[in-house]
Amino acid sequence: MLHSVPDIDNSETLTERQQAVLDAALRLLVEDGDNLTMTAVARRASCSKETLYKWFGDRDGLLTATVQWQASKVRVAQVDGKGLDLVSLAASLERFARDWLKVISSDTSIALNRVAVGHAGSGKDNLGAVVLENGRFALAKRLKPVLEAGRQAGLVEFADAETAFRTFFGLVGRDVQIRLLLGDRLELTEAAIGGDAIRATQQFLALFGAKTGPQGP
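Because the structure is a prediction, the values reported are computed rather than measured.

Analysis parameters
Residues numbered from 1 in each chain as written. Predicted model: local features only at pLDDT ≥ 70, side-chain atom pairs only at ≥ 80, totals over all residues. Heavy atoms only, no water. 1 Å grid on protein atoms, 1.4 Å probe; cavity = no way out; pocket = protein on both sides within 12 Å on 5 of 7 lines; lining within 4 Å. Points joined across faces, edges and corners; volume = space filled by probe spheres on them. Helix = DSSP H or I, 4+ residues; strand = E, 2+ residues; numbered from the N terminus. Axes fitted to C-alpha atoms, helices over the stretch in contact; angles between N-to-C directions. Parallel < 35°, antiparallel > 145°, perpendicular 65-115°, else oblique. Contact = heavy atoms within 4.5 Å. Nonpolar A, V, L, I, M, F, W, Y, C, P; charged D, E, K, R; others polar. Buried < 20%, exposed > 50% of the residue type's maximum accessible area, 1.4 Å probe, protein only. Core = buried A, V, L, I, M, F, W, Y, C linked by side-chain atoms within 4.5 Å. Salt bridge = Lys/Arg side-chain N within 4 Å of Asp/Glu carboxyl O. pLDDT = per-residue confidence, 0-100. Expected span 1.5 Å × (residues − 1). Polar contact = N/O pair within 3.5 Å; in protein donor to acceptor, adjacent residues only side chain to side chain.

Caption draft 1: Region of interest: the layout of surface pockets. Its boundaries defined by the atoms lining it, the largest pocket holds a volume of some 520 Å³. Going through the elements one at a time, helix 4 (59-71), helix 5 (86-104), helix 6 (107-120), helix 7 (127-152), helix 8 (161-173) and helix 9 (176-181) are the ones with two or more residues in the lining of the largest pocket. For the lining of the largest pocket, the leading source of residues is helix 7, giving six residues.

Here it is as structure tokens:
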């Protein structure tokens, strides 16, 4: 069962204070991993445990909120389907790819995913499902409308949006996430991430680009 927490698919629904608390929780995950407690978060964030329980329900609710908050940092530039061209479609895909690579390569995401993987096979809680629902699955819901708009504009061709998304996701991530989870110290500089985002977008458009060009009305 997912816990009742603030809906932060749009981070604007969080107050600055709530954002600061979730950032504190993420820093503690990096330092303490699975030993995260409400008491420790309250101490680090200089707030009361009562406030944490009011906002997030319990420890699992707090973990759910941290996953949502981290995932909200991956932005998707929405496109105007009527005036969409290849340049704007590519720009939206590149922005998604850059943001996602930045997020998954951060110490906070690595720590959070390690905890989630450890929990997935233990039966302790549903953190693995929470990470999937509010991470990968939520990102798919945000990007698929952009891919669909590209298809409607005649810029890309695919039979199934989920398959197209999975292909793009794979081109962006490659083996980066698993290597980071296993402790490989990859040099993911701003320039490297930008280059990877452009490469993945170009490869995706080469695979799915419309062969006949944009269609008229």
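Let us keep going from here.
Caption draft 2: Just the packing of helix 1 (residues 16-32) against helix 4, in detail. At a closest axis distance of 10 Å, the pairing of helix 1 and helix 4 adopts a crossing angle of 100°. On the basis of their axis angle, the class for helix 1 and helix 4 is roughly perpendicular. Packed against helix 1, whose contacting residues are Q19, L22, D23, A25, L26 and L29, the element helix 4 presents L62, L63, A65, T66, W69 and Q70 at the interface. Tallied by class, residues from the contact of helix 1 with helix 4 come to eight nonpolar, three polar and one charged.

Caption draft 3: Layout of the environment of L182. Within the secondary structure layout, L182 lies in the loop between helix 9 and helix 10 (190-208). Overall, the relative accessible area of 70% leaves L182 in the exposed class. Separated by 68 residues in sequence, L182 and R114 have C-alpha atoms that sit 9.0 Å apart.

Caption draft 4: Looking closely at the nonpolar core. L89, L93, F96, L143, L147, F168 and F204 are the most contacted members of the largest nonpolar core, which has 38 residues in total. Per-element accounting of this core gives the leading share, nine residues, to helix 5. Here L93 is in contact with L143, L147, F168, T201, F204 and L205, once residues within four sequence places are set aside. If you look at the next biggest cluster of nonpolar residues, it comprises 29 residues, including L28, A65, A116 and V131.

Caption draft 5: Representation of the pattern of salt bridges. Inspection of the entire model under this criterion finds eleven salt bridges. Between D23 and K73 there is a salt bridge, and its shortest N-O distance comes to 3.9 Å. Taken together, the positions of D23 in helix 1 and K73 in the loop between helix 4 and helix 5 put the pair 50 residues apart, joining distant regions of the chain. A single network of salt bridges, built from pairs that share partners, joins R136, K144 and E162.

Caption draft 6: A look at the confidence of the model for the protein. Summary statistics for the protein give a mean pLDDT of 85 and a share of 89% for residues scoring 70 or more. Within the model, pLDDT remains below 50 along residues 1-10, and this stretch shows 30 contacts once partners closer than five positions in the same chain are excluded. Note on residues 213-217: pLDDT is under 50 here. Beyond four places in sequence and across chains, it has six contacts.

Caption draft 7: Representation of helix 5. Here helix 5 spans 27 Å end to end across 19 residues, near enough to the 27 Å set by a 1.5 Å rise per residue. Buried within helix 5 are the following residues: L89, A90, S92, L93, E94, F96, A97, D99, W100, L101, V103 and I104.

Caption draft 8: Region of interest: helix 8. Between its first and last C-alpha, helix 8 extends 18 Å over 13 residues, near the 18 Å set by a 1.5 Å rise per residue. Among all positions in helix 8, only A161, A164, F165, F168, F169, L171, V172 and G173 are buried. Looking at the buried side of helix 8, the elements it contacts are helix 5, helix 7, helix 9 and helix 10. Its side-chain oxygen 3.3 Å from the backbone nitrogen of E162, D160 forms the N-cap of helix 8. Positive phi appears at R174, one or two residues downstream of helix 8, with a value of about 45°.

Caption draft 9: Here's a closer look at unusual backbone geometry. A positive phi angle, close to 55°, is found at S46, a residue other than glycine. Relative to the helices and strands, S46 resides in the loop between helix 2 (38-45) and helix 3 (49-56). With a phi angle near 45°, R174 is a residue other than glycine that sits in the positive phi range. Position of R174 relative to the elements: it lies in the loop between helix 8 and helix 9. Taking the relative accessible area as the measure of exposure, R174 reaches 46% and is therefore partly exposed.

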